[in-house]
Amino acid sequence: MDGPATLHLPAQHSSVRFELTAFDFQAPENVQFRHRLRGMEDNWVVEPEGIRSATHQTLSSGDYEFEAAACNGDGDWSRTSTSIRLEVAKSFWETWWFRGLVLLAFTGLIVAIVRYVSFRRLRNQLRVLEQQNALQRERARIAKDIHDDLGANLTQIAFMGELANQDRDEPDLVGERIRKISATARQAVKSLDEIVWAVNPRNDTLTHLLDYSGQFAVDYLRLLGIRCRLDFPGNIPARELSTDLRHNLFLVVKESLHNIFKHANATEVRLRAVVDETALVLYIEDNGCGFAQAPDDALSDGLRNMEQRMADIGGEFKIASQTGQGTKITLRLPWPAPH
């Protein structure tokens, strides 16, 4: 073999083969060889007579030194060995830049997972807080409704009962007191029914809202001698509405009907609902006296209250009127965007 040299091998090479030869003019057929590859093996590998090559399969990256020595037919090994250095290149996944990218990607993945878990936990906490706040608001609203409506009616009933007891010597006056007590009691029952309807989660649907509002309008206006026409879709889409949405929409409808009775002098009211993929739209129209501009009195306060209620639930409130041509109120509630 020639003197020391360096052999450069690419990564993932298939194999490296060394051809061995030595001079023995007396008995060349009896020459033997031994070899070893430092960096992989420390012991010599002795080849049988006649074998004149050494093959090594794919080597991992790194530096090696191949050594070989010969033995003549008398069994004498050469005092020196011949060697050659091997340098096997690294695969791309063994390079510093690839490992750096892997480390960077792994770190980014860990950060992303931590952020996702933290964000999800925070979102769950916010959802719990929102539910708690909604529950507190609902409890406060129920307490207010009971105090303002039911409590006021019961107080009035108790007061008129005392007056009737004081006037028991005047039958006509007592009869009038009893009729007022009866009417107030019916109003208290109706107020209680509205409160129960509003808080019952089974009613959190568009169908229940339209059915209840329509029946209320018919019953309320019938007692006042006003004709009521309902124009609702035959097939109402299955839509869920929160208690807060239902309650506020119903109160706006109720306030609209109350204003028509007090200010419009109408003989007919039309309650119409239009439902599509984007929103629920309620139209409340009357054939009353109308007005050229919004009045600056209690009616104006009522209109502002209705507008505020619709704004609180993300809806829109519009009113259009002309003198002698009635009034048209439009309530629009857009559906929330899908997540």
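What counts, and where the lines are drawn
Residues numbered from 1 in each chain as written. Predicted model: local features only at pLDDT ≥ 70, side-chain atom pairs only at ≥ 80, totals over all residues. Heavy atoms only, no water. Helix = DSSP H or I, 4+ residues; strand = E, 2+ residues; numbered from the N terminus. Rg over C-alpha atoms; globule rule 2.2 N^0.38 Å. Buried < 20%, exposed > 50% of the residue type's maximum accessible area, 1.4 Å probe, protein only. Domains from an automatic or database assignment. Core = buried A, V, L, I, M, F, W, Y, C linked by side-chain atoms within 4.5 Å. Contact = heavy atoms within 4.5 Å. Axes fitted to C-alpha atoms, helices over the stretch in contact; angles between N-to-C directions. Parallel < 35°, antiparallel > 145°, perpendicular 65-115°, else oblique. Nonpolar A, V, L, I, M, F, W, Y, C, P; charged D, E, K, R; others polar. Patch = residues over 30% accessible without salt bridge, like charges linked within 9 Å, V, L, I, M, F, W, Y side chains within 5 Å. Areas by Shrake-Rupley, 256 points an atom, 1.4 Å probe, with all protein chains shown as cover. Salt bridge = Lys/Arg side-chain N within 4 Å of Asp/Glu carboxyl O. Expected span 1.5 Å × (residues − 1). Phe/Tyr/Trp six-rings, centres within 6.5 Å; stacked < 30°, edge-to-face > 60°. Pairing = 2+ DSSP bridges. pLDDT = per-residue confidence, 0-100.

## A short note on the overall build of the chain
The helix and strand inventory of the chain stands at five helices and 12 strands. The C-alpha radius of gyration computed for the chain amounts to 48 Å, which surpasses the reference 20 Å derived for 339 residues by more than 25%, pointing to a less compact arrangement than a globule. Expressed as lengths along the three principal axes of its C-alpha atoms, the size of the chain is roughly 155 × 45 × 35 Å. Across the 339 residues that make up the chain, the buried fraction comes to 34%.

## Quick look at the domain arrangement of the chain
With domains assigned, the chain is organised as domain 1 (5-91) and domain 2 (202-339). Here the C-alpha centroids of domain 1 and domain 2 sit 98 Å apart.

## Topic: the nonpolar core
Grouped together as the largest cluster of nonpolar side chains are 40 residues, with contacts concentrated most on Leu-206, Leu-257, Leu-280, Ile-284 and Leu-331. Listed by contribution, the elements that provide at least two residues to this core are helix H2 (171-199), helix H3 (206-223), helix H4 (243-264), strand E9 (268-275), strand E10 (279-286), helix H5 (298-312) and strand E12 (327-334). Apart from the residues lying within four places of it in its own chain, the contact partners of Leu-331 are Val-252, Val-253, Leu-280, Val-281, Leu-282, Ile-284, Met-310, Glu-316 and Phe-317. In this structure, Leu-9, Leu-20, Val-31 and Ala-68 belong to the second largest nonpolar core, which totals 16 residues.

## What about the packing of H2 against H3?
Contact pair H2 / H3: the axes reach a minimum separation of 12 Å and the direction vectors enclose 170°. As far as their axial angle goes, H3 and H2 are roughly antiparallel. For the pair formed by H2 and H3, the contact residues are Lys-190, Asp-193, Glu-194 and Trp-197 on the first element and His-208, Leu-209, Tyr-212, Phe-216 and Leu-223 on the second. When the residues that make up the contact of H2 with H3 are grouped by side-chain class, the tally is five nonpolar, one polar and three charged.

## Observations concerning a nonpolar patch on the surface
Residues Phe-106, Leu-109, Ile-110, Ile-113, Val-114, Tyr-116 and Val-117 make up a contiguous nonpolar surface patch of roughly 650 Å² in combined accessible area. Following the sequence through the fold, Ile-110 ends up in helix H1 (residues 96-166). Residue classification places Ile-110 among the partly exposed positions, given a relative accessible area of 38%.

## Topic: H4
Counted at 1.5 Å a residue, the expected span for H4 with its 22 residues is 32 Å, and the 30 Å between its end C-alpha atoms agrees. Directly after H4, the chain includes Asn-265, whose backbone phi takes a positive value near 55°.

## Observations concerning the packing of aromatic side chains
Following the criterion strictly, the structure yields nine aromatic pairs and no others. Taking 5.6 Å as the distance between ring centres and 10° as the angle between the ring planes, the aromatic pair formed by Phe-216 and Tyr-220 counts as stacked. With Phe-216 and Tyr-220 both in helix H3 and four residues apart, this pair spans about one turn of that helix. The pair Phe-216 / Tyr-220 is uniform in exposure class, with both members buried. By way of ring pairs, the aromatic residues Trp-197, Tyr-212, Phe-216, Tyr-220 and Phe-250 are connected into one cluster.

## Re the sheet that holds strand E7 (residues 82-88)
Read from one edge to the other, the open sheet built from five strands follows the order E1-E7-E6-E3-E4, with strand pairing classed as mixed. Unpaired on one side and paired on the other, strand E1 (6-9) and strand E4 (45-46) mark the two borders of the sheet. By the bridge criterion, four bridges tie E1 to E7 in an arrangement that is parallel. Bridge pairing in E7 links Thr-6 to Arg-85.

## Focus: H2
Since there are 3.6 residues in each turn of an α-helix, residues three or four apart along the chain are aligned in direction. Along its 29 residues, H2 runs 42 Å from first to last C-alpha, staying within 8% of the 42 Å computed at 1.5 Å per residue. The set of residues buried in H2 consists of Val-174, Arg-177, Thr-184, Ala-188, Ser-191, Glu-194, Ile-195, Trp-197 and Ala-198.

## Some thoughts on the pattern of salt bridges
The final tally for this structure, using the stated rule, is 12 salt bridges. Between Glu-67 and Arg-38 there is a salt bridge, with its nearest N and O atoms 2.6 Å apart. With Glu-67 in strand E6 (residues 62-71) and Arg-38 in strand E3 (residues 32-38), the pair connects residues that are 29 residues apart, well separated along the chain. Residue Glu-67 is classed as buried on the basis of its relative accessible area of 10%.

## Some thoughts on the confidence of the model for the chain
Here the chain averages 85 in pLDDT, while 94% of its residues score no lower than 70. When mean pLDDT is compared element by element in the chain, E10 scores highest at 95, while H2 scores lowest at 80.

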